[in-house]
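The chain contents come next:
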Amino acid sequence: MKIRSMKLREAHKSDDGVSSHCTILWDRTAEHIVTASSSDVSVSIHDALLPSVTPKVVRNHKDGVTALALSPNSTCLASGSSDRSVKLYKFPGGEFESNISRFTLPIRALSFNRQGTMLAAGGDDDGIKLINTIDGSIARVLKGHRGSITGIAFDPKSEYLASVDSVGTVIIWELQSGTTIHNLKNIAPSTSSDFSTLTALGWSPDGETLAVSGLKNDVVMYDRDTAEKLFTLRGEHTQPVCFLGWSLNGKYVATSGLDKQVLIWDVDKKQDIERQKFDELICCLAWKPHGNALAVIDVMGKYGIWDMVIPSSMKSPTEGLPDSISQKSDGLLFFEEEEHEPSISGSLSDHGEDSLVGSEPPNRKRLRQFQYDEDSDEDKSLLPEVESRKKPYVSGKESVKNRNVASAGPVAVPGPIMQEAFQSGSTPVQPGKRRFLCYNMLGSITTMKHDEYSHIEIDFHDTGSGPRVPAMTDHFGFTMASLNENGSVFANLCKGEKNMSTLMYRPFKSWANNSEWYMRFEEEEVRAVALGSSWVAAVTSLNFLRIFTEGGLQRHVVSLDGPVVTASGFGDELAVVTHSSPPLPTNEQMLTFEVFNVSNGTQPIKGRLPLSPGACLTWFGFSEEGQLSSFDSMGVLRVFTNQYGGRWIPLFSASKLKKKDENYWMVGLNSSKLFCILCKSPDKFPQAVPKPVLTLLDLSIPLASSDLGAENLENEFILSNMHLSQIQRLIQETEARGQDATSLDDEALNSEAALDRCILRLIASCCTGDKLVRAIELVKLLSMEKSVRGAIKLVTAMKLPNLAERFNSILEERLLKQEAKETILKETTELKVTDTNTSKATESKNAADTNMSKTFTTPDVFKAPEPVNAIQSVPLSSPSFVKKKKTEEPAKVVNVAEPKSSTKSENNGLLKKNIGEVKQVEGQRSTNPFAKSSNNQEKTSLLDSLKKMKKNDDGGKK
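Residues numbered from 1 in each chain as written. Predicted model: local features only at pLDDT ≥ 70, side-chain atom pairs only at ≥ 80, totals over all residues. Heavy atoms only, no water.

Q: Whenever I open this one, the overall build of the chain confuses me. Can you help?
A: The helix and strand tally for the chain stands at 9 helices and 52 strands. Considering only contacts within the chain whose residues lie at least 6 apart along the sequence, 55% involve residues at least 24 apart. Carbon together with sulfur atoms contributes 50% to the accessible area of the chain, which is approximately 43200 Å² in total. (Helix = DSSP H or I, 4+ residues; strand = E, 2+ residues; numbered from the N terminus. Contact = heavy atoms within 4.5 Å. Areas by Shrake-Rupley, 256 points an atom, 1.4 Å probe, with all protein chains shown as cover.)

Spelled out as C-alpha cells, the structure:
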C-alpha cells in the first residue's frame, strides 16, 4: 500500500512546542471547518472553500478549548474547556449564546444526539451530564466511570449512549432509564494523564455496531445490544489507535494512531486500503459530508484536507446514505429531519408523539422554556422512546405506546416540534431532592421520591387561615397536581401493574368519611389537571376533557380539537390550551385556547393563543380577579380582555427588566402585580428546599419610547382603563343575572377617579412638553365633571389661556349634551305616564258604561267601579354622569382669566390640589391595589401572607 504525504496549515499556535489535544469538525454543508486546541482559548471557524481567508475567531473561554460539538443541522456550536464551562454559539456566525452548563473539573468530551435536542458532556468530573439544549436543564447525570471521561457517542437510534474513560472502561447506557446496560472493563487503552490523545469510540451510522480502539493496536467492533465482540480491524498500526471516524455511509472507518499514521479501512473486507504518514500525531479527524475527503488536525494545531481518500475505483464514502442522513433540516434549532411514521390514531399528536416540551429559537438568554409537569422519572421524557430489540418497551396499550409524556423534558421530533403537555407551577425531577408538583398563589404541593414510594406535603402560604393538611404517602408516583381552597387533585402517567394512569381527588373538608376518590384510565393517560369551585377536570392523551364533580361523579366527557398543552380552573371557568396544528417552519407554536363554563355547560370564549415568535407557553392560568393570563418563554405576560372583540394584551415583558443572569419563574398575578420567583442563571426553576423567596413586579406594558418621556404615566393610564373596563363588564354581567351590583358600582366610581387622576398628570406632562393637541385628547377622556374643571384650573395656572378656553368649550359642550339627555329623558317619562293615565281612564269609563247598562236590563244592585291605583313610572337607569353628580359640586362653567403671575411650584401645588379633590370622590374604599371587590368570595392572598409574616418578624425584633 502506497504511503501518501500532505501539507498542513496552522490553525492554533502551540505553547513552546508542547503537544495539546485539538479538535476539528465539518459543518453539514461542507462550507466551514471548525477547529480548537486545548492550549488556545479561541475557537476558529474556517472557510472550507477559501482556506486562505482569515478564519472567524470566537473567544469566550478563559482557558484552552478541550472539546467541540456541532448540532446535526449545524445551527449551534458547543464548546467545552479547561475552565470547566460548556458554552453555546450560533453557527456559522459564532455569536455567543449562553453558558449552558458548568463543571467542577475540565471537560474532555461533548456529543449531540442525532436530533440535536440533547448534549452529553463529560470530563474529569464524576459523571456525564445530559443537557437539554432547549432550555439548558440537566436531564440526568450518568455516574459509573472511575476515570476521566475521554469519549462520548450517542447511538444513532437514540436508545443508547456509549462512553469510555481514561482507564479503558466502556459503558453502554440506556437513555430511557439512565441505567447501565453493559460495563466493559479494560477493553480500551489507558490514557493515564496524557489528555493530548483520547480513547477512540464511535457508533456506525446504522447504530448496529460500536467501534472501540483495542489493546492490540486495533479497532474492536461490538454488537449494539449484546456487547459481544464481532470482529477486529488490525493492520499497519504499530501503536494504539487514539481516534476513529466512520464514513457517512458506514462502509469505511478512518483511524489515527499514536504511530502518527492515519489508516482508511474497508469495514466489509476488514482491511486497510489507504495510509497517510504525518510528522505529528493526528489527534482528531472528520469525514467531509459531501465528497471524498477527510479533515485532520495534529497535536501542534495544524490542520489539512486529505482529498480523494477513497480510490476512485471504490464506492464513495457518501454513496448510499440513508434518507434520514442525507436530507436537510429546515428547523431553526438542532433538529435533524427524519421520516416520521404517523400513529394509528391519526390525530394532531402524531406530529409530536416523540416531541419536545416546547420549542425555542437559538437564543437561550431567556426564561425557562416551559413549565413542566414532572414525572418521577421526568428526565426520561427528555430522551426518545424507541423499541429496543433486546429490552422492548412495554406499554400495554397501542394508544399510549408512543405517548406524549407530560413531563419536565422534551423528546426529539423532526423539524419544528410541538410543545408537550405541562402543568403550570411544577418543577422537574432532581434525584434526591424535593420538587414542586404545584406552586400557586394559594400554596404549594411538594413531593420527595423514595425507593418504593413518594412523600407528598401540602402547604398554604397563609398558615393561619388555610386548612392543616396531613402529609400523604404516594404509591402511584403522581407527576402532576393542582390546588385550590376546596381540595387537591393528583394524576400520574401510565404506570403500575396494568400500566394505567390514575387520577385522585382529595378534599380538605368533608362531612363524610372516605371522601377522597380515584379514577383509573386503561387506554389513555392524564396529561393535565385543573380544579374549580365544585368540579375536577382532567385532559387525557385521547384528547378527552373529563369533568367530575367534587364527589367523584363523572359529569361530562368532551372531545377536544387537538393535543392538550395545559389546563387551569377558576370558579366555574375551565380554560384549556390545545394544539391547533403543527408548528410553523419558523418554529412558532400554533395553540388554541378554550374557556368552558362548567356549571352552565357553555363555551363562552375560544380563539388563538398568541406567543412571542419562536417561544412556547410556560405558564397559563387566571389572575386573582379571574382574568385569563399566559406567560411564555420570552418572558411576556398577556391577559385576555374584551377589547377589540376579545384580544390578548401584553402587560409585562421581562426583556426590559431581566438581567443576563436572572430568570423569572411565574407564580401568578393580580390587577397590578406579577408574582414570580427570581432564579439565578443557569437555573430556570426554584428549589423546593429552602422555600423560595417571592418577587413582586409591577405590571408594565411594553410601550414604545415616547417623545413625552412619560412612559410610566401612559402605562398607568392603560392599566387603569383596562381595570375600569373589566369592572364595567362585571357590572353588566351581574345585572343581567338580576343580582345586586352596588358594590361594583362603588368600585367603578373609585376606578374612574383613579383614572382621572392619572389623566390629569398626563395633561400636566403634555403642557410641560408643549404637546397641546395631546392634552385636548386627554381632557376628553376625563369621566368626572370635577376633573374637567380641575384641568381648566391647571392650564390656566400654567399660562395657557388658549388651551384653557378649549377645555372650557369641551366642558360646555358636555354639559349641554347632558342637559339635552336629561330633557329627553324627562319628556319620555312624562309621555309614558300620560299615556298610561289615558289608557287607565278609558278602561274605567268603559267599565262604568257597561255597569250602567246592566242596571237598566237586570235587577242587580248597581256596583261602583273599584278605584284606580296610583300610576308608578318604570324606573330608568340614569347615565353615569347624572349618578356621579350626587358627590360632585353643581356644574359651573369656569371663566378663563389670565393670572398675574405663576410659578412652577404653584402649578404643582394646584395639580396636587385638583387630584386631591378627585380623591374625595372615592369615599372610604381601600386604594390597596391588592384589595378585591366585595362581591367575590373572601380569600386569603399570598400578599396578605407575606405582610403578616413581615409584621410578625417586626414584632419579634421589637
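Q: Honestly, the pairing of strand β34 (residues 480-483) in this entry has me stumped. Any pointers?
A: Side chains on a regular strand alternate between the two faces of the sheet. In β34, alternate side chains face the same way, and those of Met480 and Ser482 on one face and Ala481 and Leu483 on the other are all buried. Across 4 bridges, the pairing between β34 and strand β35 (residues 487-491) is antiparallel. Considered in β35, the bridge of Leu483 is made with Ser488. Counting the residues between successive antiparallel strands, the hairpin from β34 to β35 contains 3 residues. (Buried < 20%, exposed > 50% of the residue type's maximum accessible area, 1.4 Å probe, protein only. Pairing = 2+ DSSP bridges.)

Q: Explain the sheet that holds strand β46 (residues 617-622) here, please?
A: Hydrogen bonds between backbone groups are what pair the strands of a sheet, and the pairing can be parallel or antiparallel. Ordered in space as β46-β47-β48-β49, the 4 strands form an open sheet in which the pairing is antiparallel. The open sheet has two edge strands with one neighbour each: β46 and β49 (647-653). Pairwise comparison of adjacent strand axes, ignoring direction, gives a mean angle of 25 degrees for this sheet. Pairing geometry for β46 and strand β47 (residues 628-632), over 5 bridges, is antiparallel. Within the sheet, the bridge partner assigned to Gly621 lies in β47 and is Ser629. (Axes fitted to C-alpha atoms, helices over the stretch in contact; angles between N-to-C directions.)

Q: Any chance you could explain the nonpolar core here in plain terms?
A: Buried together is how nonpolar side chains tend to be arranged in soluble globular proteins. Judged by nonpolar contacts, the single largest core of 35 residues is most densely connected at Ile763, Val779, Leu782 and Phe807. Of all the secondary-structure elements, those providing two or more residues to this core are α2 (711-736), α3 (742-768), α4 (772-779), α5 (785-797) and α6 (801-857). Looking at this core element by element, the count peaks at 11 residues for α3. Beyond its immediate sequence surroundings of up to four residues, Leu782 is in contact with Asp756, Ile759, Leu760, Ile763, Ser787, Val788, Ala791 and Arg814. Residues Leu637, Ile649, Leu697 and Ile701 belong to the second largest nonpolar core, which totals 18 residues. (Core = buried A, V, L, I, M, F, W, Y, C linked by side-chain atoms within 4.5 Å.)

Q: Help me understand empty space enclosed by the protein, please; the structure alone is not making it clear to me.
A: Gaps between atoms show up when a probe of the same size as a water molecule is rolled over them. All told, the structure shown has 4 cavities of 30 Å³ or more when counted by the stated rule. Empty space within the largest cavity amounts to approximately 110 Å³. Along the walls of the largest cavity sit 14 residues, with Gln627, Leu651, Ser671, Met722 and Gln726 positioned nearest its centre. Here the element with the most residues in the lining of the largest cavity is α2; it accounts for 4 residues. Considering only residue class, the lining of the largest cavity consists of 6 nonpolar, 7 polar and 1 charged. (1 Å grid on protein atoms, 1.4 Å probe; cavity = no way out; pocket = protein on both sides within 12 Å on 5 of 7 lines; lining within 4 Å. Points joined across faces, edges and corners; volume = space filled by probe spheres on them. Nonpolar A, V, L, I, M, F, W, Y, C, P; charged D, E, K, R; others polar.)

Q: What should I look at first to understand unusual backbone geometry in this one?
A: With omega at 10 degrees, the peptide bond leading from Phe91 into Pro92 counts as cis. Checked against the element boundaries, Pro92 lands in the loop between β9 (85-90) and β10 (96-102). In this chain, Val689 is followed by Pro690 through a cis amide linkage whose omega measures -5 degrees. Its place among the elements puts Pro690 in the loop between β51 (673-680) and β52 (694-698). Of note, the phi angle at Ala30 is positive, near 65 degrees, even though the residue is not glycine. Looking at the element boundaries, Ala30 is found in the loop between β3 (22-26) and β4 (32-37). The buried category is assigned to Ala30, whose relative accessible area is 6%.

Q: Please explain the packing of aromatic side chains as it appears in this structure.
A: Overall, the coordinates contain 15 aromatic pairs when judged by the stated rule. Arranged with centres 5.1 Å apart and planes meeting at 85 degrees, the rings of Phe593 and Trp648 form a pair that is edge-to-face. Taken together, the positions of Phe593 in strand β44 (residues 590-597) and Trp648 in strand β49 put the pair 55 residues apart, joining distant regions of the chain. By relative accessible area, which is 11% here, Trp648 ends up buried. One aromatic cluster is present, built from ring pairs that chain together Phe476, Phe478, Phe490 and Tyr518. (Phe/Tyr/Trp six-rings, centres within 6.5 Å; stacked < 30°, edge-to-face > 60°.)

Q: In this structure, what is going on with the pairing of strand β36 (residues 501-507)? I would like to understand it.
A: Of all 7 residues in β36, 7 are buried; the element is thus mostly enclosed. Judged by which residues are buried, β36 turns out to be covered on both faces: Ser501, Leu503, Tyr505 and Pro507 on one side and Thr502, Met504 and Arg506 on the other are all buried. Of the strand pairs in this sheet, β35 and β36 are connected by 5 bridges, and their pairing is antiparallel. By the bridge assignment, Phe490 is partnered in β36 with Met504. Taken together, the 5 bridges between β36 and strand β37 (residues 517-521) define a ladder with antiparallel strand orientation. Opposite Met504, over in β37, you have Tyr518 as the bridge partner.

Q: Teacher, can you tell me more about the sheet that holds β44 here?
A: Here 4 strands make up an open sheet; going across it, the order is β42-β43-β44-β45 and the pairing antiparallel. Either end of the sheet is taken by a strand with one partner, and the two such strands are β42 (564-570) and β45 (602-609). Within this sheet the neighbouring strands show an average axis-to-axis angle of 20 degrees, counted without direction. Bridging between β42 and strand β43 (residues 573-581) involves 6 bridges; their strand directions are antiparallel. For Ser568, the partnering residue across the bridge sits in β43 and is Ala575.

Q: What exactly am I supposed to notice about the environment of Gln589 here?
A: The residue Gln589 is located in the loop between β43 and β44 in this model. Remark: the alpha-carbon pair of Gln589 and His579, spanning 10 residues in sequence, is separated by 7.8 Å. Side-chain polar atoms of Gln589 contact the backbone oxygen of Ile417, separated by 2.6 Å. For Gln589, the side chain forms a polar contact with the main-chain nitrogen of Gln419, separated by 3.0 Å. (Polar contact = N/O pair within 3.5 Å; in protein donor to acceptor, adjacent residues only side chain to side chain.)

Q: Please clarify how the pattern of salt bridges should be interpreted in this entry.
A: Enumeration over the complete set of coordinates arrives at 21 salt bridges. A salt bridge links Glu159 to Arg224, with the nearest nitrogen and oxygen atoms 2.9 Å apart. Here Glu159 is found in the loop between β15 (149-154) and β16 (160-165), whereas its partner Arg224 is found in the loop between β21 (219-223) and β22 (229-233), with 65 residues between them in sequence. On the basis of relative accessibility, which here comes to 6%, the residue Glu159 falls in the buried class. Accessibility expressed as a relative area gives 1% for Arg224, which makes it buried. With a closest N to O distance of 3.4 Å, Asp268 and Lys251 form a salt bridge. A residue pair is termed long-range when its members are at least 10 positions apart, and Asp268 in the loop between β25 (261-266) and β26 (271-277) and Lys251 in the loop between β23 (241-246) and β24 (252-257) qualify at 17 residues. Taken together, the shared-partner salt bridges connect Asp155, Glu159, Arg224 and Asp225 into one network. (Salt bridge = Lys/Arg side-chain N within 4 Å of Asp/Glu carboxyl O.)

Q: Would you mind going over the confidence of the model for the chain with me for this structure?
A: Any segment with low pLDDT has predicted coordinates that should not be analysed in fine detail. A residue-level look at the chain finds 76% of positions with pLDDT of 70 or above and a mean pLDDT of 79. Confidence drops under a pLDDT of 50 for residues 326-414, and excluding neighbours within four residues, the segment shows 351 contacts in the predicted structure. The low-confidence segment residues 853-904 (pLDDT under 50) makes 58 contacts with residues lying over four places distant or belonging to another chain. (pLDDT = per-residue confidence, 0-100.)

Q: Help me understand the packing of α2 against α3 in this model?
A: A pair of packed helices is characterised by two quantities: the angle between their axes and the separation of those axes. Remark: α2 packs on α3, axes separated minimally by 9 Å, with the N-to-C direction vectors making an angle of 160 degrees. By the angle between their axes, α2 is roughly antiparallel relative to α3. Two packed elements cross with a definite hand, and for α2 against α3 that hand is left-handed. Residue classes in the contact of α2 with α3 are distributed as 12 nonpolar, 7 polar and 6 charged. (Parallel < 35°, antiparallel > 145°, perpendicular 65-115°, else oblique. Left-handed = near helix turned anticlockwise from the far one by under 90°.)

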